[in-house]
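# Structural characterization, general
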Amino acid sequence: MFDLTGKIALVTGIGAPADALGNGKAIAMLLAQQGAVIEGTDINVAAGAATVDQIVANGGKAECCAVNATDADGVKQWVDDCYARHGRIDILVNNVGQSEPGGPIEMDAATWRAQIALNLDAAFYTIQATLPYMAAAKSGSIINISSIAGQRYIGKPQVGYAAAKAGLVQLTKTTAVIHAKDNVRLNCVVPGLMHTPMLKRMADKYAGGDLAGFIAKRDAMVPMRRMGDAHDVANAVLFLAADESRYITATEIVVDGGITAATQGDLPE
């Protein structure tokens, strides 16, 4: 099952140190394990190279380019170069994203625009560049990584991130309907509270640097009483990338331990 042998998979934001596992790295490594050839991006050259090294060491095939995901021209050049080298693009995973704190009063206009650019525009640029190749081939799967922050308020003010991730879901659905006739599928994976390397940075932003307290609070918010991790996100991506999901499009897989189906009062003691 989930055989991706020979498929070309474009994955944004694959970088992470050798001893850490973010969503992009986990996705790239799992798709490569299943036989896909990974064409990745990361603005951090060293982090991207570390992921490539681990994939190659495990017998996979991967490359990573330093691409600014918010630069439309740079993104298109990367996609075009990938197609020129391989003659096909089978899978696109839009993983780049990051939250900044602030409600609509506190958040300045520059931060708002940067949040929309990174969390929504970046996915639009890769989709726009990739779709013509997939539509011409009458085949392709695009998976966008959204967030439960785009579905409900999850306890911290991040209005730009939440708005962008909600918009990403609707970008996915609308584009999926438009291109269903081309046999190009678009879906979202919607992670909940995840234990990834970004937690340290998030604790600095939202919890005054109290990492242990931040982790304990997030664990307690989830009905399963624990955060998920990057493997959980990657497994959902693999399903949507593979032929086993060939009749699934314009929808989401929520990977959240039940949090969006519950309120705080629903959680058992």
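Just so we're clear, the structure is a prediction, and the values are computed from it rather than from any experiment.

### Here's the deal with the overall build of the chain
Within the chain, the secondary structure is distributed over eight helices and seven strands. For the chain, the spread of C-alpha atoms along the three principal axes comes to 50 × 40 × 40 Å. Residue pairs at least 24 apart in sequence account for 77% of intrachain contacts in the chain once pairs closer than 6 positions are excluded. Taking the average location of the 22 positive side-chain charges in the chain and that of its 27 negative ones, the two points are 3 Å from each other.

### Overview of the nonpolar core
Counting residues in each nonpolar core, the largest one holds 31 residues, and the members touching the most others are I27, L31, I38, V93, I143 and V189. Looking at this core, the elements with two or more residues in it are β1 (8–12), α1 (23–33), α2 (45–57), β4 (91–94), β5 (140–145) and α8 (230–241). Per-element tally for this core: the top contributor is α8, with eight residues. With residues near it in sequence (within four places) discarded, L31 still touches L4, A9, V11, A36, I38, I91, V93, L238 and A241. Ranked by size, the runner-up nonpolar core spans 25 residues in total, among them I8, V37, C82 and L168.

### A short note on α2
In a regular helix each residue adds 1.5 Å, so 13 residues correspond to 18 Å; α2 covers 18 Å between its end C-alpha atoms and thus fits that length. Taken together, the buried positions of α2 are A47, G48, A50, T51, V52 and I55. Of the surrounding elements, those touching the buried residues of α2 are α1, β2 (37–41) and β3 (61–65). Where α2 terminates, the next one or two residues include G59, which has phi positive at roughly 90°.

### Brief notes about the packing of helix α3 (residues 72–86) against helix α4 (residues 109–137)
Taken N-terminus to C-terminus, the directions of α3 and α4 make an angle of 30°; their axes are 8 Å apart at the nearest point. On the basis of the axis angle, α3 is roughly parallel to α4. Handedness of the crossing formed by α3 with α4: right-handed. On the side of α3, the interface is formed by A72, V75, K76, W78, V79, D80 and Y83, while α4 contributes Y125, T126, A129, T130 and Y133. Among the residues forming the contact of α3 with α4, the class breakdown is eight nonpolar, two polar and two charged.

### Some words on α4
For α4, spanning 29 residues, the distance from its first C-alpha to its last is 41 Å, which sits close to the expected 42 Å at 1.5 Å a residue. Most pronounced at D121, the bend in α4 amounts to some 40°. Capping of α4 at its N-terminal end is provided by D108; its side-chain oxygen lies 3.1 Å from the backbone amide nitrogen of A110. Positive phi shows up at K138, right after α4, with a value of about 55°.

### What about the sheet that holds β1?
Pairing is parallel across the open sheet formed by seven strands, whose spatial order is β3-β2-β1-β4-β5-β6-β7. The outermost strands of the open sheet, each flanked by one partner alone, are β3 and β7 (252–255). The mean inter-strand angle of the sheet, taken between neighbouring strand axes irrespective of direction, is 15°. The sheet contact formed by β1 and β4 spans three bridges and is parallel. Note that in β4 the partner of L10 across the bridge is L92. Along the sheet, α4 contacts β1, β4, β5 and β6 (184–191); its crossing angle with β4, the most-contacted strand, is approximately 175°.

### Considerations on the packing of aromatic side chains
A full pass over the atoms with the stated rule returns three aromatic pairs. On the basis of an interplanar angle of 10° and a centroid distance of 3.9 Å, the ring pair of Y83 and Y133 is categorised as stacked. Of this pair, Y83 sits in helix α3 while Y133 sits in helix α4; the two residues are 50 residues apart in sequence, bridging distant segments of the chain. Where F124 meets Y125, the ring centres are 6.1 Å apart and the plane angle is 65°; that geometry is what we call edge-to-face. Among the residues examined, F124 registers a relative accessible area of 37% and is labelled partly exposed.

Here is what the cut-offs are and how they apply
- Residues numbered from 1 in each chain as written.
- Predicted model: local features only at pLDDT ≥ 70, side-chain atom pairs only at ≥ 80, totals over all residues.
- Heavy atoms only, no water.
- Helix = DSSP H or I, 4+ residues; strand = E, 2+ residues; numbered from the N terminus.
- Contact = heavy atoms within 4.5 Å.
- Lys, Arg positive; Asp, Glu negative; His and termini not counted.
- Charge placed at Lys NZ, Arg CZ, Asp CG, Glu CD.
- Core = buried A, V, L, I, M, F, W, Y, C linked by side-chain atoms within 4.5 Å.
- Buried < 20%, exposed > 50% of the residue type's maximum accessible area, 1.4 Å probe, protein only.
- Expected span 1.5 Å × (residues − 1).
- Axes fitted to C-alpha atoms, helices over the stretch in contact; angles between N-to-C directions.
- Parallel < 35°, antiparallel > 145°, perpendicular 65-115°, else oblique.
- Left-handed = near helix turned anticlockwise from the far one by under 90°.
- Nonpolar A, V, L, I, M, F, W, Y, C, P; charged D, E, K, R; others polar.
- Bend = angle between axes of the 7 residues up to and from the residue.
- Polar contact = N/O pair within 3.5 Å; in protein donor to acceptor, adjacent residues only side chain to side chain.
- Pairing = 2+ DSSP bridges.
- Phe/Tyr/Trp six-rings, centres within 6.5 Å; stacked < 30°, edge-to-face > 60°.

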